[in-house]
Amino acid sequence: MEKIQWQISVPIFRNTVILKQLGIAIGIPFGLVALVIGLASGKSVYALYGLGLIAALLFFTWLFIMAVYSGKYEAEFVLDQKGVLCRTQAKQAKKNRIVNVLTVVLGLLAGKPAVAGAGMLAQSRQEVFLKWNRVTKVKYKPKSRTILLWSGWTEQIALFCAAEGYPQIEHEVMLRTTHLKAKG
């Protein structure tokens, strides 16, 4: 297999795969918090303030993503005989590094180790490599030109493809993941 390499700019708030992941990571926890606040507060006006703060946090997060990242995820992918490499493009990786370092430093200065840990975790996921023999599940989404690769519970790579490159990449992934069909 020759190495296949491509870069793509994916709109964060218009891609169904990203929106689903955001819904799981952000929507469920904040939805539960809003539900608990709403149910536990009775008719307290302070509950509205709490819900308003949650809504403001989500709005300012959206505004930050639009301002700093132009609402796009800039990714680069490499497929070769060993596996799949997914990394953030250099320009966006530099922005991410600044944001993540600020998150770690401000989290430590504020005495919030969970915030600092989130910054470190985010920085550690700028480049992910998944060997073909570790892939346990593949899901093809031709409409959105996305291929999802899983390795266990925690490792997942979403291959976002351009329209002209999707058929070739889908074919290569199918060839490299034939071990999945042999198991099933």
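Our subject is the structure that appears above.
In this text the structure is predicted, and so the values were computed from the model without any measurement. (Residues numbered from 1 in each chain as written. Predicted model: local features only at pLDDT ≥ 70, side-chain atom pairs only at ≥ 80, totals over all residues. Heavy atoms only, no water.)

Let us now look at the overall build of the protein chain. Within the protein chain one finds six helices and seven strands. Helices (α) and strands (β) of the protein chain occur, in sequence order from the N terminus, as β-α-α-β-β-α-α-β-β-β-β-α-α. Here the C-alpha coordinates of the protein chain stretch approximately 60 × 35 × 30 Å along the principal axes. In the protein chain, buried positions account for 32% of the 184 residues. Of the contacts formed within the protein chain by residues at least 6 apart in sequence, a portion of 58% connects residues at least 24 apart. A total of about 11800 Å² of accessible surface is found on the protein chain, and carbon and sulfur atoms cover 66% of it. Side chains of the protein chain carry 23 positive and 9 negative charges; the gap between the two charge centres is 11 Å. (Helix = DSSP H or I, 4+ residues; strand = E, 2+ residues; numbered from the N terminus. Buried < 20%, exposed > 50% of the residue type's maximum accessible area, 1.4 Å probe, protein only. Contact = heavy atoms within 4.5 Å. Areas by Shrake-Rupley, 256 points an atom, 1.4 Å probe, with all protein chains shown as cover. Lys, Arg positive; Asp, Glu negative; His and termini not counted. Charge placed at Lys NZ, Arg CZ, Asp CG, Glu CD.)

Let us look at the side chain of Asp 80. By secondary structure assignment, the location of Asp 80 is in the loop between β2 (72-79) and β3 (83-88). One buried charged residue, Asp 80, forms no salt bridge at all, with the nearest opposite charge on Lys 82 at 5.8 Å. One polar contact links the side chain of Asp 80 to the main-chain amide nitrogen of Gly 83, over a distance of 3.0 Å. (Salt bridge = Lys/Arg side-chain N within 4 Å of Asp/Glu carboxyl O. Polar contact = N/O pair within 3.5 Å; in protein donor to acceptor, adjacent residues only side chain to side chain.)

Our focus in this paragraph is the sheet that holds strand β6 (residues 146-151). Hydrogen bonds between backbone atoms are what pair the strands of a sheet, whose relative direction is either parallel or antiparallel. Here three strands make up an open sheet; going across it, the order is β5-β6-β7 and the pairing antiparallel. At either end of the open sheet lies a strand with only one pairing partner, and these are β5 (137-141) and β7 (155-160). Adjacent strand axes in the sheet meet at a mean angle of 15°, parallel and antiparallel pairs treated alike. By the bridge criterion, five bridges tie β5 to β6 in an arrangement that is antiparallel. Paired with Lys 139 across the strands is Leu 148, a residue of β6. Against the sheet, helix α1 (residues 16-40) makes contact with β5, β6 and β7, and its axis sits at roughly 150° relative to β7, the strand it touches most. (Pairing = 2+ DSSP bridges. Axes fitted to C-alpha atoms, helices over the stretch in contact; angles between N-to-C directions.)

Glancing now at the pairing of β3. A large share of β3 lies buried, amounting to five of its six residues. Where β2 lies against β3, five bridges are found, and the strand directions are antiparallel. Its bridge partner being in β3, Ala 75 is matched across the sheet by Thr 88. Between the antiparallel neighbours β2 and β3 lie three residues.

This part takes up the state of the cysteines. Under the counting rule described, the total for this entry stands at zero disulfides. The cysteine Cys 86 is free of any disulfide, with Cys 161 supplying the nearest cysteine sulfur at 11 Å. (Disulfide = S-S within 2.5 Å.)

In this model, the largest pocket occupies a volume close to 2000 Å³. Every residue lining the largest pocket is counted, 41 residues in all, and those nearest its centre are Gln 21, Leu 22, Tyr 73, Ala 122 and Arg 125. Secondary structure elements with two or more residues in the lining of the largest pocket: α1, α2 (45-69), β2, β3, α3 (90-109), α4 (113-124) and β7. Broken down by element, the lining of the largest pocket gets its largest block of residues, nine residues, from α1. Here the second largest pocket defines a volume of roughly 170 Å³. Taken together, Thr 16, Val 17, Lys 20, Gln 21, Ile 24, Lys 137, Lys 139, Lys 141, Leu 148, Trp 150 and Gln 156 form the lining of the second largest pocket. At the level of elements, α1, β5 and β6 are the ones that each hand at least two residues to the lining of the second largest pocket. Its residues placed into classes, the lining of the second largest pocket shows four nonpolar, three polar and four charged. (1 Å grid on protein atoms, 1.4 Å probe; cavity = no way out; pocket = protein on both sides within 12 Å on 5 of 7 lines; lining within 4 Å. Points joined across faces, edges and corners; volume = space filled by probe spheres on them. Nonpolar A, V, L, I, M, F, W, Y, C, P; charged D, E, K, R; others polar.)

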